[in-house]
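Structure at a glance
One-letter residues, chain by chain:
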Amino acid sequence: MDKQTPVSIFWFRRDLRLDDNAGLYYALKSGDPVLPVFIFDPAILDQLKDKDDARVTFIHETVTAIDAELREQGSGLLVLFDKPENAWKKLVEEYKIAAVYTNHDYEPYAKVRDEAIAAQLEKHGIAFNTYKDQVIFERDEVIKDDGKPYTVYTPYMRKWYQKLTPFYLKAYPNKKYLKNFYQTKALYLPSLKQMGFEISGLEFPKIHYKELIAHYAEKRDFPAIKGTTHIGLHLRFGTVSIRELAAAVNSFTEKTWLNELVWREFYMMILYHFPHTADHAFRPEYDRIKWENNEKQFEAWCKGETGYPLVDAGMRELNTTGYMHNRVRMVVASFLSKHLLIDWRWGERYFARKLLDYEMASNVGGWQWSAGSGTDAAPYFRIFNPESQLKKFDAKLEYVKKWVPEYADFSKYPKPIIDHAFARDRCLAAFKEALAK
Ligand SMILES: Cc1cc2nc3c(=O)[nH]c(=O)nc-3n(C[C@H](O)[C@H](O)[C@H](O)COP(=O)(O)OP(=O)(O)OC[C@H]3O[C@@H](n4cnc5c(N)ncnc54)[C@H](O)[C@@H]3O)c2cc1C
């Protein structure tokens with residue numbers, strides 16, 4: 001096809017799949033051939049500290065696979081490595097663009113980026129058409145009767161279920177329209193090396209959830225067993241459709257799992273309406289806490305050398321695999337913010353660096369919940385005792401022995417870096433002082 005043929009451009013971001021993709025579906029039905037584009041954004045990549053960041057490898061592998069799938073249709077994926085505004089400037093110069101299609105992204109940086117690109121395209125008379133794709137309900141679709149956003153999960157969840165009808169779970173039949181891609185062989189894909197990255201050695205979880213969700217309710221709280229789906233990475237980058245997952249739930253036990261997907265949407269809705277929570281307490285009085293911020297203790301926490309076996313096992317699982325079990329995420333986050341009185345934002349940033357399934361909304365939500373400053377937050381005086389959590393959720397020490405082998409020999413295992421009773425009293429005093437003002 002020559003470059004004067006009008007094209008619709010579909011811009012992939014965190015929706016890296018060809019099937020059941022809302023924005024792509026509307027692009028494919030637009031009547032113009034669809035040129036699919038992905039942009040590696042240096043503003044995002046430059047913030048990553050590790051050259052072998054596993055998320056970059058995962059995205060690169062995924063766009064390479066999409067490109068290969070498109071080549072079977074005589075098309076391909078155009079992958080650019082540039083600031084989005086420059087990339088769009090070049091695209092506008094090079095192609096006759098009839099319209100641009102993409103899916104909503106609710107994170108603060110993405111919102112600003114998309115507004116700027118929409119304005120840039122508008123100057124050329126090009127429409128920027130955006131769609132809901134990564135959630136069942138977005139932004140203002142589940143709100144209180146007075147039109148305000150919910151700030152507590154349970155009533156939000158009830159309203160979410162009230163609104164749910166089969167319509168919202170229907171897959172977009174993209175596969176029927178694959179012949180509508182722009183026919184070209186001259187597309188480009190930069191290597192990881194060209195972008196300054198290296199291949200990560202981490203293993204990526206496969207999409208595998210059907211058998212797991214049948215027993216989710218009984219198994220999800222025990223970190224030694226594989227009782228959860230590890231699907232977060234795929235939800236993060238859209239390599240699985242949320243509609244497919246929600247539609248797969250068809251029993252009461254499986255609904256426990258769907259409730260977790262509702263938590264994900266709840267936190268996305270919160271971040272969308274309260275973007276300051278990305279780095280400030282949802283409840284402003286919690287920003288007054290006088291953190292100890294002891295760097296040595298922070299380092300011990302990062303390395304999994306606190307002398308508290310469940311905390312250490314969790315941090316080592318994270319450092320080794322890019323994953324940590326939800327129960328243990330709660331324990332290590334509570335330990336950092338309450339026992340060590342280290343600013344929850346330090347922990348949030350560390351998780352952001354390490355988690356394969358890092359998602360700003362859920363990460364900030366989970367951290368603020370643990371630190372007591374968030375929406376549904378645990379009251380500040382409820383302080384997890386890492387020892388009793390261990391007895392309850394890893395009674396046979398299977399998880400601990402896997403990740404902290406030296407625990408078997410007490411002479412080799414570090415002494416606790418802080419005494420539980422001391423830490424508890426200090427935390428209560430610090431929180432009380434901040435909240436009393
Ligand atoms: C301090 C802290 C930080 C967290 N950071 C993240 C994060 O960066 N990214 C992230 O996706 N989740 C985060 N969570 C939530 C939760 O721990 C993970 O979603 C879950 O452990 C991922 O494992 P899984 O894919 O096996 O989930 P499953 O238990 O199989 O659940 C399926 C999916 O539901 C969603 N989900 C499950 N639990 C929650 C939850 N509590 N809140 C929001 N969504 C949930 C996730 O998308 C998850 O992949 C965090 C929790 C805490 C306490």
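Remember, it's a predicted structure, so these values are computed and weren't measured experimentally.

Regarding a negative patch on the surface
Taken together, the side chains of D19, E69, E72 and E244 present a region of like negative charge at the surface. Mapping E69 onto the fold places it in helix α3 (residues 54–71).

Notes on the packing of helix α14 (residues 326–339) against helix α16 (residues 360–371)
Any two packed helices are characterised by the angle at which their axes cross and by the distance between the axes. Packing of α14 against α16 brings their axes to within 8 Å, and their N-to-C directions diverge by 55 degrees. Compared by their axis directions, α14 and α16 come out oblique. The crossing of α14 and α16 is right-handed. Here M330, A333, S334, L336, S337 and K338 of α14 come into contact with α16, specifically with W367, W369, S370 and A371.

Here we look at the UniProt feature "binding site: FAD" (unreviewed entry) in the protein chain
On the UniProt side, "binding site: FAD" (unreviewed entry) is annotated at positions that read Y216, W257, E260, L261, V262, W263, R264, E265, F266 and Y267 here. Here the residues from the annotation list that line the largest cavity are Y267. Checked against the element boundaries, W257 lands in helix α11 (residues 252–273). Setting aside its immediate chain neighbours within four residues, W257 contacts Y209, I213, Y216, T229, I231, L245 and V249. For Y267, the location among the structural elements is in helix α11. Residues contacting Y267, with those up to four places away along its chain left out, are A361, S362, G365, G366, W369 and T375.

A look at the UniProt feature "domain: Photolyase/cryptochrome alpha/beta" (unreviewed entry) in the protein chain
Here, UniProt's "domain: Photolyase/cryptochrome alpha/beta" (unreviewed entry) annotation points to residues 6–136. Secondary structure over residues 6–136 splits into 42% helix and 22% strand, and the C-alpha atoms at its two ends are 32 Å apart.

Observations concerning the side chain of E254
By the element assignment, E254 lies in helix α11. Despite its burial, E254 pairs with no opposite charge; the closest candidate is K210, at 9.9 Å N-O. With sequence-adjacent residues up to four places away left out, E254 is seen in contact with I213, A214, A248 and V249.

A few points about helix α5 (residues 108–122)
Given 3.6 residues per helical turn, the α-helix brings residues three or four places apart onto the same face. Between the first and last C-alpha of α5 there are 21 Å, a value that for 15 residues agrees with the 21 Å anticipated at 1.5 Å per step. Along α5, the positions that sit buried rather than exposed are A110, R113, D114, I117, Q120 and L121. Along the long axis of α5, the arc covered by the buried residues comes to 125 degrees, so they all point the same way. Exposed side chains of α5 directed beyond 90 degrees from the buried face belong to V112, E115 and E122.

Basis of the calculations
Residues numbered from 1 in each chain as written. Predicted model: local features only at pLDDT ≥ 70, side-chain atom pairs only at ≥ 80, totals over all residues. Heavy atoms only, no water. Patch = residues over 30% accessible without salt bridge, like charges linked within 9 Å, V, L, I, M, F, W, Y side chains within 5 Å. Areas by Shrake-Rupley, 256 points an atom, 1.4 Å probe, with all protein chains shown as cover. Salt bridge = Lys/Arg side-chain N within 4 Å of Asp/Glu carboxyl O. Lys, Arg positive; Asp, Glu negative; His and termini not counted. Charge placed at Lys NZ, Arg CZ, Asp CG, Glu CD. Helix = DSSP H or I, 4+ residues; strand = E, 2+ residues; numbered from the N terminus. Axes fitted to C-alpha atoms, helices over the stretch in contact; angles between N-to-C directions. Parallel < 35°, antiparallel > 145°, perpendicular 65-115°, else oblique. Left-handed = near helix turned anticlockwise from the far one by under 90°. Contact = heavy atoms within 4.5 Å. UniProt positions renumbered as here; feature names shortened; annotations may be inferred. 1 Å grid on protein atoms, 1.4 Å probe; cavity = no way out; pocket = protein on both sides within 12 Å on 5 of 7 lines; lining within 4 Å. Buried < 20%, exposed > 50% of the residue type's maximum accessible area, 1.4 Å probe, protein only. Expected span 1.5 Å × (residues − 1). Arc of directions from axis to C-beta.

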